[in-house]
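# Geometric and topological summary
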Amino acid sequence: MPAGAERAAPHAGGRAWGRAVTILSLLEGRPLSEASKEMNSARIPSFYREMGAALATVHQIGQEAYGYVTDRILDPRFDNGSYMRHQFAKKLAEFKVLGGDGRLHDAVARRVERDGALFDNCGTAVLCHNDLHEGNVLVARRPGGWEVSGVIDVENAIAADPLIDLAKTDYYSLGRGEPERSALFEGYGPLPADAVERLDLYRLYHAVELWDCFRSIGTVGPLGGIADDIARLAG
């Protein structure tokens, strides 16, 4: 359920008690992250192709500003450059407070300073799922084999550059390889001319954000690998 929304039982007449309500549908299936253990690995890229197509469909929904989405856009920013510089500054501040390597912090800050003009190449915000990974894609076994049955977990939705969404799905495909990446982009469709550079900058953002998340909840195992990603992407 999106942050800021509450479940509310209807009173007589079917109206909620003056509160925001999310209505959910029951979807058949299991998370791809779980079901994939029972599949031939050659089948996985086809799901990434469908994930790319799903993102492309979501990204057709335009937004009037940039920011976190509940029943409105919180703290809206009206251009992608100011939004992403704000987001990087916030995540880097968290990184520092949580004990992140100061050299990595400074390397990321320099990369944003050097290449942040790329953010301005996005002229319009769109709706972004912002968490489309294998754990949030449901698949069901049908007579013809496994099929995607739905996408879940929209509580991280943002209004932003569509490439930040695509970059997160790509970065969170940890453990997958080139077949899945190629299928993801094939399913998504045509990209802007600066996509390679912009996607790299967004992968860096997601790496810092993920490091902060794991460190804040005391999950230290993945931190070294994520720090290596940060160093590579900030270079």
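Just so we're clear, the structure is a prediction, and the values are computed from it rather than from any experiment. (Residues numbered from 1 in each chain as written. Predicted model: local features only at pLDDT ≥ 70, side-chain atom pairs only at ≥ 80, totals over all residues. Heavy atoms only, no water.)

Attention now moves to unusual backbone geometry. Peptide bonds are, in most cases, trans, and in most cases residues other than glycine have a negative phi. Despite not being glycine, Asn130 has its phi angle at roughly 70°, a positive value. Inspection of the secondary structure puts Asn130 in the loop between β4 (126-128) and β5 (137-142). The phi dihedral of Asp153 is positive, around 65°, even though this residue is not glycine. As for its position among the elements, Asp153 is in the loop between β6 (145-151) and β7 (158-160). (Helix = DSSP H or I, 4+ residues; strand = E, 2+ residues; numbered from the N terminus.)

Following the criterion strictly, the structure yields 22 salt bridges and no others. Between Arg77 and Asp75 there is a salt bridge, with the nearest N and O atoms lying 3.4 Å from each other. Note that Arg103 is salt-bridged to Asp101, the shortest N-O span being 3.2 Å. For Arg103, a relative accessible area of 66% puts it in the exposed group. (Salt bridge = Lys/Arg side-chain N within 4 Å of Asp/Glu carboxyl O. Buried < 20%, exposed > 50% of the residue type's maximum accessible area, 1.4 Å probe, protein only.)

Our focus in this paragraph is the pairing of β6. Sheet topology note: the β5/β6 ladder contains 6 bridges and is antiparallel. Its bridge partner lying in β6, Arg141 is registered against Trp146. In this antiparallel pair of consecutive strands, β5 and β6, the connection spans 2 residues. (Pairing = 2+ DSSP bridges.)

It is worth spelling out the pairing of strand β2 (residues 66-69) at this point. Successive residues of a regular strand alternate their side chains across the two faces of the sheet. Here β2 runs beside strand β3 (residues 73-77); their pairing, made up of 3 bridges, is antiparallel. Note on β3: the bridge partner recorded for Tyr66 is Arg77. Taking the residues that link successive antiparallel strands as the turn, the β2-β3 hairpin has 3 residues. Two strands pair when backbone bridges link them, and β2 and β7 are joined in this way by 2 bridges, in the antiparallel orientation. Bridged to Tyr68 within β7 is Ile158.

This brings us to the sheet that holds β4. Sheet architecture is open: 4 strands sit in the order β3-β2-β7-β4, paired in antiparallel fashion. Only two strands of the sheet have a single partner each, and these edge strands are β3 and β4. For this sheet the average axis-to-axis angle between neighbouring strands, irrespective of direction, equals 25°. Across the face of the sheet, helix α3 (residues 80-97) comes into contact with β2, β3 and β7 while running at roughly 115° to β3. Helix-sheet contacts for helix α5 (residues 162-171) involve β4 and β7, and the interaxial angle to β4 is about 20°. (Axes fitted to C-alpha atoms, helices over the stretch in contact; angles between N-to-C directions. Contact = heavy atoms within 4.5 Å.)

Note that every value here comes from positions in space, so none of it alone points to a role or purpose.
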